[in-house]
Amino acid sequence: MDIIIIFYVLLFLVAFLYSSVGHGGASGYLALMALFSFSPEVMKPTALLLNLFVSLTSFIQFYRGKHFNWKIFLPFALASVPLAFLGGRMVLADDMYKKFLGILLLVPIIRFLFFSNIKINELKKPNLLLSMLIGGAIGYISGLIGIGGGIILSPALLLLKWTDMKQTAAISAAFIFVNSLSGLAGQLQKGISFSADMYTYVAVAFAGGICG
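What counts as what
- Residues numbered from 1 in each chain as written.
- Predicted model: local features only at pLDDT ≥ 70, side-chain atom pairs only at ≥ 80, totals over all residues.
- Heavy atoms only, no water.
- Helix = DSSP H or I, 4+ residues; strand = E, 2+ residues; numbered from the N terminus.
- Buried < 20%, exposed > 50% of the residue type's maximum accessible area, 1.4 Å probe, protein only.
- Contact = heavy atoms within 4.5 Å.
- Areas by Shrake-Rupley, 256 points an atom, 1.4 Å probe, with all protein chains shown as cover.
- Core = buried A, V, L, I, M, F, W, Y, C linked by side-chain atoms within 4.5 Å.
- 1 Å grid on protein atoms, 1.4 Å probe; cavity = no way out; pocket = protein on both sides within 12 Å on 5 of 7 lines; lining within 4 Å.
- Points joined across faces, edges and corners; volume = space filled by probe spheres on them.
- Nonpolar A, V, L, I, M, F, W, Y, C, P; charged D, E, K, R; others polar.
- Expected span 1.5 Å × (residues − 1).
- Phe/Tyr/Trp six-rings, centres within 6.5 Å; stacked < 30°, edge-to-face > 60°.

It is worth spelling out the overall build of the protein chain at this point. Of the regular secondary structure elements, the protein chain holds 9 helices and 0 strands. Across the protein chain, helices and strands are ordered from the amino to the carboxyl terminus as α-α-α-α-α-α-α-α-α. Across the 212 residues that make up the protein chain, the buried fraction comes to 48%. Put simply, of all contacts in the protein chain between residues at least 6 apart along the chain, 85% involve residues at least 24 apart. When the accessible surface of the protein chain is summed, it comes to about 10600 Å², and 70% of that surface belongs to carbon and sulfur atoms.

Following this line, the structure appears as C-alpha cells:
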C-alpha cells in the first residue's frame, strides 16, 4: 500500500477515536506526523487546524446531548486563550520540541494505564482560582506544542471530580477548539507553513470526526 494512503487511513482513525471522547486529536496527529517525518514547522499549525474541525464536530454532538456546562468551562477558557496565543508565538528548537512532544504523549498512556477506571459517585464544586491556574498552564503548553490541551484537561477534571465522563468530553471539546484557534492565531503572527495537501488532511480528519 502506498505510504500516503497509509497516512490517510491512520489520520482518519486518529480523528475517529479522539472525537469519540471529545478530543480534537492533535496529540495523535503530531505523533503520526512525527512518524512520517514532518518538520515541526509544519506539524504545529497542521495539528491545530485539524483540531478545529474535529473538536467542533465533537462539541456539537455533546452540546446537543446537553452535557456542556458553561460555568465550569469559562474559567478554564478565559485563562487559557491568551496564554495559548502567547505559546503559539514561541518557537522551540527542533530537538527541544520533540522532547516536549514525547513527554506530552505519555500523558494519555499514563491516563489509560493507571486512571482508566475513575469512579465518580458525587461531583465536587469547582474551585475558580484552581480552574484558572490549570487553564492558563494548559493554554500555554497547547500553543507552544500545537495541541488543544484536552489530553491534560480531561484527566484533571475527572481526578478532581468536577465533571462526569460526558461533561468532561463536552468541556474538553470546547476547550480544545478555543485553544487551537488562539494558538493558530499566535502562529499566524510569526508566519506558518501548511502542507500543499492540507485540504485533503482536513477532509479526512473531518470525516473521521463526524464518524467518531
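And the narrative resumes.
One can find alanine 77 in helix 4 (residues 70–89). Distance in space between the C-alpha atoms of alanine 77 and phenylalanine 177 is 10.0 Å, their sequence separation being 100 residues.

Looking now at the nonpolar core. Counting 33 residues, the largest nonpolar core has Phe7, Leu11, Tyr29, Leu30, Met33, Ile145 and Tyr201 as the members making the most contacts within it. Sorting the residues of this core by element identifies helix 1 (3–19), helix 2 (26–35), helix 3 (40–64), helix 5 (94–114), helix 6 (128–145) and helix 9 (198–211) as the ones contributing at least two each. Sequence-distant contacts of phenylalanine 7, that is, excluding residues within four places in its chain, are made with Leu32, Met33, Phe36, Phe38 and Tyr201. Of all hydrophobic cores here, the second largest spans 18 residues; its members include Phe68, Leu153, Ile171 and Ala174.

Taken as a whole, this structure holds 1 cavity of 30 Å³ or more when the rule is applied. Approximately 70 Å³ is the volume found for the largest cavity. Lining the largest cavity we find 13 residues, and of these Ala26, Ser27, Gly148, Gly150 and Ile151 sit closest to its centre. Contributing elements (two or more residues each) for the lining of the largest cavity: helix 2 and helix 7 (150–160). Residues that form the lining of the largest cavity fall into these classes: 5 nonpolar, 8 polar and no charged.

For helix 9, which comprises 14 residues, the first-to-last C-alpha distance of 20 Å matches the rise-based estimate of 20 Å (1.5 Å per residue) to within 8%. Residues of helix 9 that are buried include every one of Met198, Tyr201, Val202, Val204, Ala205, Gly208 and Gly209, and no others. Buried-residue contacts for helix 9 involve helix 1, helix 2 and helix 3.

Time to look at the packing of aromatic side chains. Going through the model one piece at a time under the given rule, you end up with 14 aromatic pairs. Look at phenylalanine 59 and phenylalanine 68: their rings are 5.0 Å apart centre to centre, the planes differ by 85°, and that puts the pair in the edge-to-face class. Residue phenylalanine 59 is classed as buried on the basis of its relative accessible area of 17%. Judged by relative accessible area, phenylalanine 68 falls into the buried class, the value being 13%. Relative to phenylalanine 73, the ring of tryptophan 70 has its centre 5.9 Å away and its plane inclined at 75°; by these criteria the two rings are edge-to-face. Placement of both tryptophan 70 and phenylalanine 73 in helix 4 is noted, with a separation of 3 residues, approximately one turn of the helix. Within the aromatic cluster, the residues linked to one another by ring pairs are Phe7, Tyr8, Phe36, Phe38 and Tyr201.

Interpretation in functional terms is not warranted from these geometric data alone.
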